[in-house]
Amino acid sequence: MIYLNGSFIRIEDARISVLDRGFIFGDGVYEVLPVYSHKPFRLTEHLRRLQDSLDGIRLKNPHSDVEWKGLLDQIIASNEGNDQYLYLHITRGVAPRDHSFPKDVIPTVFIMSTPLLGSPKELLTTGVSAITANDNRWLRCDIKAISLLPNVLLRQMATDSNAVDTLLLREGFLTEGSSSNIFVIKNEILLAPPKSHLMLPGITYDVVLELADAHDIPYEIREISEYDMRTAHELLLTSSTKEIMPITRLDGKLVGSGKPGKMFAQLHQLYQNYKATIMRETS
Ligand code: PMP
C-alpha cells in the first residue's frame, strides 16, 4: 500500500500526470527513514530535514508534523515487515510546463514503504569496497532533492566496479558518498567532514557523532583531505538504510589492515544498543 495525494492505494493503481513537475523538472524533495519494529527511527529529525529541504526549494510543507506522523503510521501498519524503510516524496505539483513556479498548485505527495533487510552480516565482517570520483554535483547538496542524476551516475560507477559507493572529492577534499556520509579514522580519532552546502546532513551522521560524544570516542569535525582519506586506518560509510558499514578497500587498495577495525566494531555495537534503547522508549 502506498499513499498518493490523499488516498491509500495499491502501488499498481497509483497514477500521476506526465505534467507533474517532479517528472518534468525533478522539482521536488524527498526523505528516507528507517522503521524498526513498526516504529519510525528519528522521525523528528527526518521531518526537520524535510522541512529544511522544502525551505531550500521554496515549497510550502503540505502537512504538519502530526499529519505526517499519522500518514506514516498508516503506511507502516498496512505494509508487511517489522522493519521497513519509508520513502516520502513531495513535488511542486502538476502544471503546464514552465520553469517558473506555477501559482496555486497543489503539491504531489507520495509515500511508500519497502522491507528493510539490513546489510548482509558477512559484509560487516569482510567490509566493502568503494571507489572515488570528482564530486560534480551542484552546490546545494544539503537539499535532499529528487533530481539525483549526478548521484545516479556516480553510484553506477561504483556498481560497475563491484563497489558499494563512490566517495566524492571536491577540490581535494572529501564531501560524502553518492548515497552516504563518510567518516575517516586516523590515529584512533574519528574524523567527520563539516556539514555545509556540499553534503547532505545525514541523520545517521548525527547519531554517530552523538554516540562518539556520549562514549568519549575522540572525534574531530574538520575538512578531510584526499591524503587523509587515502591514508586512513579505517573508513566508515553511514546511511539510514545501511546504518554503519566498514569500507576495507578503496580504489582497489586495502584500507588500513584491510579488515573492519576497532572503531567500526565499537560504533556498530553502540548503534545497535542505541536503536534498541530508542525502540524500547517509544513503545
Ligand atoms: N548523503 C547522501 C548523498 C545520501 O543520499 C544519503 C542517504 N541516502 C546520506 C548522505 C545519508 O543520510 P542519512 O543518514 O540521513 O540516510
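So, here is what we can say about the structure in this document. It should be emphasised that the depicted structure is a prediction, and the values quoted were computed from it without experimental measurement.

## Quick notes on the overall build of the protein
Working step 1: Tallying secondary structure elements over the protein gives 8 helices and 15 strands in all.
Working step 2: Computed over C-alpha atoms, the radius of gyration of the protein comes to 19 Å, within 12% of the 19 Å expected from 2.2 N^0.38 for 283 residues, which places it in the range of a compact globule.
Working step 3: Overall, the C-alpha framework of the protein stretches about 55 × 45 × 30 Å when taken along its three principal axes.
Working step 4: By residue count, 49% of the 283 residues in the protein fall in the buried class.
Working step 5: The contacts in the protein between residues at least 6 apart in sequence include a share of 69% that link residues at least 24 apart.
Working step 6: Carbon together with sulfur atoms contributes 55% to the accessible area of the protein, which is approximately 14100 Å² in total.
Working step 7: Both charge centroids of the protein, one from 30 positive and one from 35 negative side chains, sit 2 Å from each other.

## As for a nonpolar patch on the surface
Working step 1: Taken together, the side chains of Ile-16, Val-18, Leu-19, Phe-23, Ile-24 and Val-94 define a hydrophobic patch exposed on the protein surface, amounting to about 540 Å² of accessible area.
Working step 2: Tracing the backbone through its elements, the reader meets Ile-16 in the loop between β2 (7-9) and α1 (21-25).

## As for the nonpolar core
Working step 1: Core analysis: the biggest nonpolar cluster contains 44 residues, and Leu-167, Leu-190, Leu-235 and Leu-267 have the highest contact counts within it.
Working step 2: Elements represented by at least two residues in this core include exactly β7 (128-134), β8 (165-170), β10 (181-186), β11 (189-192), α6 (203-214), β13 (234-239), β14 (243-250) and α8 (262-282).
Working step 3: Top contributing element to this core by residue count: α8, with 8 residues.
Working step 4: Contact partners of Leu-267, with chain neighbours within four places excluded, come to Leu-190, Val-208, Ile-217, Leu-236 and Ile-244.
Working step 5: Membership of the second largest hydrophobic core comes to 22 residues, among which are Leu-33, Val-35, Leu-47 and Ile-143.

## A word on the packing of helix α2 (residues 43-56) against helix α3 (residues 65-77)
Working step 1: Contact pair α2 / α3: the axes reach a minimum separation of 11 Å and the direction vectors enclose 120°. Put simply, α2 runs oblique to α3. For the element pair α2 and α3, the recorded crossing hand is right-handed. Residue-level contacts link Leu-43, Leu-47 and Leu-50 of α2 to Asp-65, Trp-68, Lys-69 and Leu-72 of α3.

## Let's talk about the side chain of Glu-31
Working step 1: Relative to the assigned elements, Glu-31 resides in strand β3 (residues 28-36).
Working step 2: Residue Glu-31 is classed as buried on the basis of its relative accessible area of 0%.
Working step 3: At 2.7 Å, the side chain of Glu-31 forms a polar contact with the side chain of Arg-49.
Working step 4: Setting aside anything within four residues of it in sequence, one finds Glu-31 in contact with His-46, Arg-49, Leu-50, Leu-86, Tyr-87, Leu-88 and Lys-144.

## Let's talk about the site of the ligand
Working step 1: What surrounds the ligand is a group of 17 residues, the closest being Arg-49, Glu-176, Ile-203, Thr-204 and Ser-240.
Working step 2: In this structure, a nitrogen atom belonging to the ligand sits 3.4 Å away from a main-chain N or O atom of Ser-180.
Working step 3: Calculation on the ligand without its partners gives an accessible area of 390 Å², and the protein chains cover 90% of this total.

Procedures and definitions
Residues numbered from 1 in each chain as written. Predicted model: local features only at pLDDT ≥ 70, side-chain atom pairs only at ≥ 80, totals over all residues. Heavy atoms only, no water. Helix = DSSP H or I, 4+ residues; strand = E, 2+ residues; numbered from the N terminus. Rg over C-alpha atoms; globule rule 2.2 N^0.38 Å. Buried < 20%, exposed > 50% of the residue type's maximum accessible area, 1.4 Å probe, protein only. Contact = heavy atoms within 4.5 Å. Areas by Shrake-Rupley, 256 points an atom, 1.4 Å probe, with all protein chains shown as cover. Lys, Arg positive; Asp, Glu negative; His and termini not counted. Charge placed at Lys NZ, Arg CZ, Asp CG, Glu CD. Patch = residues over 30% accessible without salt bridge, like charges linked within 9 Å, V, L, I, M, F, W, Y side chains within 5 Å. Salt bridge = Lys/Arg side-chain N within 4 Å of Asp/Glu carboxyl O. Core = buried A, V, L, I, M, F, W, Y, C linked by side-chain atoms within 4.5 Å. Axes fitted to C-alpha atoms, helices over the stretch in contact; angles between N-to-C directions. Parallel < 35°, antiparallel > 145°, perpendicular 65-115°, else oblique. Left-handed = near helix turned anticlockwise from the far one by under 90°. Polar contact = N/O pair within 3.5 Å; in protein donor to acceptor, adjacent residues only side chain to side chain. Near = heavy atom within 4 Å.

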